[in-house]
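# Structure at a glance
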Amino acid sequence: MLFPNPVNNLRFLTQTRPPISQKTRGRPQAFNDKTDQNTVQALDRGLLLLEHLALGPGRTLTDLAEDTGQAVATTFRALQTLQAHGMVEVEEPGQLWHIGAGAFRIGTAFLRRTKVVERARQPMDALMRETGETANLGVEARGEVLFLAQVETHEAIRAFFAPGTRAPMHSS
């Protein structure tokens, strides 16, 4: 029922409609529930592919599918999606897949946010000069050390851990 006066229409509509329930804010009830039902399978698969690509130089589609336990078609679709976002690149001769510039951009956001490498550079350099050994900067990540930066010694024998490399804590 509408009235000729718009003010009356507004009163009528607001009085006859049930109140709009407030949407709850914050974390969902299952926020701390880490079961499979609370993860996105396609995202898990794509991130697993990125982790495997980060292990070394180019990888073939078949190798990635076998290593991750995914079907070749599923692996291909995930790689195509990641490629569209710049997260992976394919090298045409040989069809080798690599980490893309987009993954680097996203990964370096952690370093920009924390400024940990920037703050650690001078003490690492001093440590390298004082000991004659390579100085590494790492953080704990899932029970492993994740290397963020390194200042190499000028000695002939030295260790090298590229940024982004993971290793067991006991071997760092």
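Data block above holds the structure.
Treat the numbers as computed from the prediction; the structure is a model and nothing was measured. (Residues numbered from 1 in each chain as written. Predicted model: local features only at pLDDT ≥ 70, side-chain atom pairs only at ≥ 80, totals over all residues. Heavy atoms only, no water.)

### With respect to the packing of aromatic side chains
Counted according to the given criterion, the structure contains one aromatic pair. Seen in terms of ring centroids, phenylalanine 147 and phenylalanine 161 are 4.4 Å apart; in terms of plane orientation they differ by 15 degrees. Their pairing is stacked. Of the two residues, phenylalanine 147 is situated in strand S4 (residues 144–151) and phenylalanine 161 in the loop between S4 and strand S5 (166–168); the sequence distance between them amounts to 14 residues. (Phe/Tyr/Trp six-rings, centres within 6.5 Å; stacked < 30°, edge-to-face > 60°. Helix = DSSP H or I, 4+ residues; strand = E, 2+ residues; numbered from the N terminus.)

### Here's the deal with the layout of surface pockets
If you roll a probe as big as a water molecule over the atoms, it shows you where there is empty space left. The computed volume of the largest pocket comes to approximately 1500 Å³. Taken together, 36 residues line the largest pocket, and the ones lying closest to its centre are Leu50, Glu51, Ala54, Ile99 and Ala103. Of the residues forming the lining of the largest pocket, the biggest block, eight residues, is contributed by helix H2 (residues 41–53). (1 Å grid on protein atoms, 1.4 Å probe; cavity = no way out; pocket = protein on both sides within 12 Å on 5 of 7 lines; lining within 4 Å. Points joined across faces, edges and corners; volume = space filled by probe spheres on them.)

### With respect to the sheet that holds S5
Taken in spatial order, the three strands make up an open sheet running S3-S4-S5, and their pairing is antiparallel. In the strand order of this sheet, the two ends are held by strand S3 (135–141) and S5, each with one partner. The average undirected angle you get between the axes of adjacent strands in this sheet is 40 degrees. Of the pairings in the sheet, the one linking S4 to S5 comprises three bridges and is antiparallel in character. Its bridge partner lying in S5, valine 145 is registered against alanine 167. (Pairing = 2+ DSSP bridges. Axes fitted to C-alpha atoms, helices over the stretch in contact; angles between N-to-C directions.)

### A few points about a nonpolar patch on the surface
Where nonpolar side chains cluster on the molecular surface, the patch consists of Val40, Leu43 and Leu47 and spans about 280 Å² of accessible area. Within the secondary structure, leucine 43 is located in helix H2. (Patch = residues over 30% accessible without salt bridge, like charges linked within 9 Å, V, L, I, M, F, W, Y side chains within 5 Å. Areas by Shrake-Rupley, 256 points an atom, 1.4 Å probe, with all protein chains shown as cover. Salt bridge = Lys/Arg side-chain N within 4 Å of Asp/Glu carboxyl O.)

### Here's the deal with the pattern of salt bridges
Following the criterion strictly, the structure yields three salt bridges and no others. The closest approach of N and O atoms between aspartate 125 and arginine 129, which form a salt bridge, is 2.2 Å. In this pair, aspartate 125 and arginine 129 are both assigned in helix H6 (residues 116–131), four residues apart and thus about one turn of the helix distant. Under the relative-accessibility criterion, arginine 129 is labelled exposed at 57%. Note that glutamate 144 is salt-bridged to arginine 166, the shortest N-O span being 3.7 Å. Of this pair, glutamate 144 sits in strand S4 while arginine 166 sits in strand S5, placing them 22 residues apart in sequence. Under the relative-accessibility criterion, glutamate 144 is labelled partly exposed at 30%. We classify arginine 166 as partly exposed; its relative accessible area is 42%. (Buried < 20%, exposed > 50% of the residue type's maximum accessible area, 1.4 Å probe, protein only.)

### Details of the nonpolar core
Core analysis: the biggest nonpolar cluster contains 13 residues, and Leu49, Leu53, Leu64, Leu79, Leu82, Val88 and Trp97 have the highest contact counts within it. For this core, the secondary structure elements donating two or more residues are H2, helix H3 (61–68), helix H4 (72–84) and strand S1 (88–91). Sequence-distant contacts of leucine 64, defined by excluding residues within four places in its chain, comprise Leu49, His52, Leu53, Arg59, Thr75, Leu79 and Trp97. If you look at the next biggest cluster of nonpolar residues, it comprises 11 residues, including Ala120, Leu137, Ala141 and Leu148. (Core = buried A, V, L, I, M, F, W, Y, C linked by side-chain atoms within 4.5 Å. Contact = heavy atoms within 4.5 Å.)

### With respect to H6
Taking 1.5 Å of rise per residue, the 16 residues of H6 would be expected to cover 22 Å, and the 22 Å separating its terminal C-alpha atoms lies within 8% of that figure. If you look at H6, its biggest bend is around 35 degrees, right at glutamine 122, and the proline proline 123 turns up within four residues after that. By the burial criterion, the buried members of H6 are Val117, Ala120, Met124 and Met128. (Expected span 1.5 Å × (residues − 1). Bend = angle between axes of the 7 residues up to and from the residue.)

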